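Each chain is listed here by its residues.
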Amino acid sequence: MAASVIARDVGVPRSTTYQLIAALVDDGFLVHLPEEQKYALGVTAHELGTGYSRQAPLQRIARHPLAQLVGRTRRTAHLAVMHGRDVVYVIEERAPRQRPLVTDTGVRLPAHLTASGRAMMAQMDPAQVAALFPGPEAFTVRNDNGPQSLPALQDLLSRARSLGYAWEQDEITVGYSSVAVAVLDRERYPVASVTLTVSNRAFPPVVRAVPRMPRRRRNGQCGLKTWPASGSRR
């Protein structure tokens, strides 16, 4: 679509239209097609659309299993999805008498600091992870914790793959730890993660209390699989 058409349809001056377009291009929502002198939807807009189409069925499928997990462990559980270098929490199933956490529904946090993000990135190709974190500026600091370089992050992800779960301690909320596993689609791509968050003093018992999981737990419509592989603990 040409900028003049956008200005006409939106009803704003052309100078304002170009300022808005420049901001949308910078954020990846639009891409300029110089040969055609037009603008098209960019990668970020595509990610938002496909993210919603994945997220909506995941929310419906995951709500009951999350409630069962909370009932079994008496700890708060979350379902999260990746968005760029961040995770977005799409379900929070809060356990009775547990304090509210920062990871409420709709909250966005840096993926490299969360158990949720690490569980998903552990199942990604290392080249994809490297593309997400091209330099030191990509590594946000919170509570003076967390990996600050790509080799440090890759080491954490390698350990997560070996253990069968990802974790974090004090990196999001001081005094609390989280343990997470990824949810894989039919192509074994991580579309989400399931996380339990507990106080630090309860962290080891909760990890031991989560039962072994089968290699595949299919859903008839979406073909979702849970990770880790058979024989690993979450």
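Rules and cut-offs
- Residues numbered from 1 in each chain as written.
- Predicted model: local features only at pLDDT ≥ 70, side-chain atom pairs only at ≥ 80, totals over all residues.
- Heavy atoms only, no water.
- Helix = DSSP H or I, 4+ residues; strand = E, 2+ residues; numbered from the N terminus.
- Buried < 20%, exposed > 50% of the residue type's maximum accessible area, 1.4 Å probe, protein only.
- Contact = heavy atoms within 4.5 Å.
- Salt bridge = Lys/Arg side-chain N within 4 Å of Asp/Glu carboxyl O.
- 1 Å grid on protein atoms, 1.4 Å probe; cavity = no way out; pocket = protein on both sides within 12 Å on 5 of 7 lines; lining within 4 Å.
- Points joined across faces, edges and corners; volume = space filled by probe spheres on them.
- Axes fitted to C-alpha atoms, helices over the stretch in contact; angles between N-to-C directions.
- Parallel < 35°, antiparallel > 145°, perpendicular 65-115°, else oblique.
- Left-handed = near helix turned anticlockwise from the far one by under 90°.
- Nonpolar A, V, L, I, M, F, W, Y, C, P; charged D, E, K, R; others polar.
- Core = buried A, V, L, I, M, F, W, Y, C linked by side-chain atoms within 4.5 Å.
- Pairing = 2+ DSSP bridges.
- Phe/Tyr/Trp six-rings, centres within 6.5 Å; stacked < 30°, edge-to-face > 60°.

- By the naming in an unreviewed UniProt entry, the chain is IclR family transcriptional regulator, taken from Arthrobacter sp. K5.

**Examining the overall build of the chain**
Reasoning step 1: Summing up its helical and strand segments, the chain has seven helices and nine strands in all.
Reasoning step 2: Counting all 234 residues of the chain, 45% fall into the buried class.
Reasoning step 3: Excluding contacts between residues fewer than 6 apart, the proportion of contacts in the chain whose partners are at least 24 apart in sequence is 54%.

**Some points on the pattern of salt bridges**
Reasoning step 1: By the definition in use, this model includes five salt bridges.
Reasoning step 2: We note a salt bridge from Glu-92 to Arg-94, for which the minimum N-O separation is 3.1 Å.
Reasoning step 3: Among the salt bridges present, the one from Arg-159 reaches Asp-155, with a minimum N-O distance of 3.9 Å. Of the two residues, Arg-159 and Asp-155 are both situated in helix 6 (residues 150-163); the distance of four residues between them amounts to about one turn of the helix.
Reasoning step 4: Classification of Arg-159 by relative accessible area gives partly exposed; the value is 41%.

**Notes on empty space enclosed by the protein**
Reasoning step 1: For the coordinates displayed, the defined rule picks out three cavities of 30 Å³ or more.
Reasoning step 2: Roughly 110 Å³ of volume is contained in the largest cavity.
Reasoning step 3: Looking at the largest cavity, it is lined by 15 residues, and the ones nearest its centre are Thr-103, Glu-168, Ile-172, Ser-178 and Thr-197.
Reasoning step 4: Those elements that place two or more of their residues in the lining of the largest cavity are helix 4 (115-121), strand 7 (176-184) and strand 8 (190-199).

**Quick look at the packing of helix 1 (residues 3-10) against helix 2 (residues 14-26)**
Reasoning step 1: Closest axis-to-axis distance for the helix 1/helix 2 pair is 9 Å, and the angle between their directions is 110°. In this view, helix 1 runs roughly perpendicular relative to helix 2, as classed from their interaxial angle. Note on packing geometry: the crossing formed by helix 1 with helix 2 is right-handed. On helix 2, the residues that touch Ala-3, Ser-4, Ile-6 and Ala-7 of helix 1 are Arg-14, Thr-17, Tyr-18 and Ile-21.
Reasoning step 2: Among the residues forming the contact of helix 1 with helix 2, the class breakdown is five nonpolar, two polar and one charged.

**Some points on the side chain of Ser-116**
Reasoning step 1: Structurally, Ser-116 is set in helix 4.
Reasoning step 2: A relative accessible area of 0% places Ser-116 in the buried class.
Reasoning step 3: In contact with Ser-116, not counting residues within four places along its chain, are Ala-80, Val-87, Tyr-89, Ala-180, Ser-193 and Thr-195.

**Things to note about the nonpolar core**
Reasoning step 1: The biggest cluster of nonpolar side chains holds 26 residues, and the ones touching the most others in it are Met-82, Val-87, Met-121, Val-129, Phe-133 and Leu-153.
Reasoning step 2: Contributions of two or more residues to this core are made by strand 3 (76-83), strand 4 (86-93), helix 4, helix 5 (126-132), helix 6 and strand 7.
Reasoning step 3: Ranked by residue count, the leading element in this core is helix 4, at four residues.
Reasoning step 4: Once residues within four sequence positions are removed from consideration, Val-87 is found in contact with Ala-80, Val-81, Met-82, Val-107, Arg-108, Leu-109, Ala-111, Thr-114, Ser-116, Gly-117 and Met-120.

**So, the pairing of strand 1 (residues 30-33)**
Reasoning step 1: Bridge count between strand 1 and strand 2 (residues 38-41): four bridges; the pairing is antiparallel. Along strand 2, the bridge assignment pairs Leu-30 with Leu-41.
Reasoning step 2: Taking the residues that link successive antiparallel strands as the turn, the strand 1-strand 2 hairpin has four residues, and the phi of Gln-37 there is positive, at about 55°.

**Describing the environment of Ala-138**
Reasoning step 1: Its place among the elements puts Ala-138 in the loop between helix 5 and helix 6.
Reasoning step 2: Relative accessible area serves as the criterion here: at 5%, Ala-138 is assigned to the buried category.
Reasoning step 3: Here the alpha-carbon distance between Ala-138 and Gln-148, two residues 10 residues apart in the chain, equals 8.6 Å.
Reasoning step 4: Setting aside its immediate chain neighbours within four residues, Ala-138 contacts Arg-85, His-112, Leu-132 and Phe-133.

**Let's talk about the packing of aromatic side chains**
Reasoning step 1: All told, the structure shown has two aromatic pairs when counted by the stated rule.
Reasoning step 2: Considering the side-chain rings of Tyr-165 and Trp-167, the 6.4 Å spacing of their centres and the 70° angle between planes classify their relative orientation as edge-to-face. Note on accessibility: Tyr-165 and Trp-167 belong to one class, buried.

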